Amino acid sequence: MAIRYGVQADSREECLQALTELCTRLGARPATMPTDSLGNGWLARAVLVPPADREAEPGHE
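No experiment lies behind these values; they were computed from the predicted model shown.

Our next topic: a nonpolar patch on the surface. Nonpolar side chains collect at one region of the surface, where Ile3, Tyr5, Leu26 and Leu48 lie side by side and expose about 330 Å² of accessible area between them. You can see leucine 48 is positioned in strand E3 (residues 42-48). Exposure remark for leucine 48: the relative accessible area of 35% places this residue in the partly exposed category.

Next up, the structure:
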């Protein structure tokens, strides 16, 4: 099972911004986009992308 990182925020916009920053800094990929399905605040998740796969993604040289 992959390690997952979570983001929790009060609004969808904050959650999406934090998820984007997390993915950029860690080289991660969103696993769950921001959701408020339980009504307890916005949640999102990301998983790490192995270094070999990062180099194969568009935008990496």
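The subject of this paragraph is the sheet that holds strand E2 (residues 28-35). Here three strands make up an open sheet; going across it, the order is E1-E3-E2 and the pairing antiparallel. Every interior strand has two partners, whereas the edge strands, strand E1 (4-9) and E2, have only one. Pairwise comparison of adjacent strand axes, ignoring direction, gives a mean angle of 20° for this sheet. With six bridges joining them, E1 and E3 adopt antiparallel strand pairing. Bridge assignment links tyrosine 5 to a residue of E3, and that residue is alanine 46. Contacts from helix H1 (residues 12-26) reach E1, E2 and E3 within the one sheet, and its direction differs from that of E2 by about 175°.

In this model H1 runs 21 Å from its N-terminal to its C-terminal C-alpha over 15 residues, within 8% of the 21 Å that 1.5 Å per residue would give. Every buried residue belonging to H1 is among Cys15, Leu19, Leu22 and Cys23, and all of these are buried. The buried residues of H1 occupy an angular sector of 95° when the element is viewed end-on, so they sit on one face. Every exposed residue of H1 that faces more than 90 degrees away from the buried side is listed here: Glu13, Gln17, Thr24 and Arg25. Taken together, the buried residues of H1 touch E1, E2 and E3. Count one or two residues on from H1 and you reach glycine 27, which has phi positive near 70°.

Parameters and conventions
- Counting of residues starts from 1 at the beginning of each chain's written sequence and follows it residue by residue.
- The model is predicted, so local features are restricted to residues of pLDDT at least 70 and side-chain atom pairs to those at 80 or more, both for listing and for counting; the totals for chains, interfaces and linings are taken over all residues.
- The basis for every side-chain value is the complete set of heavy atoms in the structure, and neither hydrogens nor water enter the calculation.
- A patch consists of residues exposed above 30% relative accessible area that lack any salt bridge, with like charges linked at up to 9 Å and nonpolar side chains (Val, Leu, Ile, Met, Phe, Trp, Tyr) linked at up to 5 Å.
- Only the protein chains shown count as cover for residues, with accessible areas throughout obtained via the Shrake-Rupley method and a probe of 1.4 Å.
- Here a salt bridge means any side-chain nitrogen of Lys or Arg lying within 4 Å of a carboxyl oxygen belonging to Asp or Glu.
- Only DSSP runs of H or I reaching four residues or more are called helices, and only runs of E reaching two or more are called strands; each is numbered from the N terminus.
- Any residue under 20% of the maximum accessible area for its type is buried, any over 50% is exposed, and the rest in between are partly exposed; the area is computed with a 1.4 Å probe on protein chains only.
- Any two strands with at least two DSSP bridges between them are considered paired.
- For helices, the fitted line uses only the C-alpha atoms of the stretch in contact; every axis is such a line through C-alpha atoms, and the angle between N-to-C directions lies from 0 to 180 degrees.
- Every residue pair with non-hydrogen atoms within 4.5 Å of one another is taken to be in contact.
- Given the number of residues in a helix, its expected span is that number minus one, multiplied by 1.5 Å.
- In this description, one arc is meant: the one made by directions from the helix axis to the C-beta atoms.

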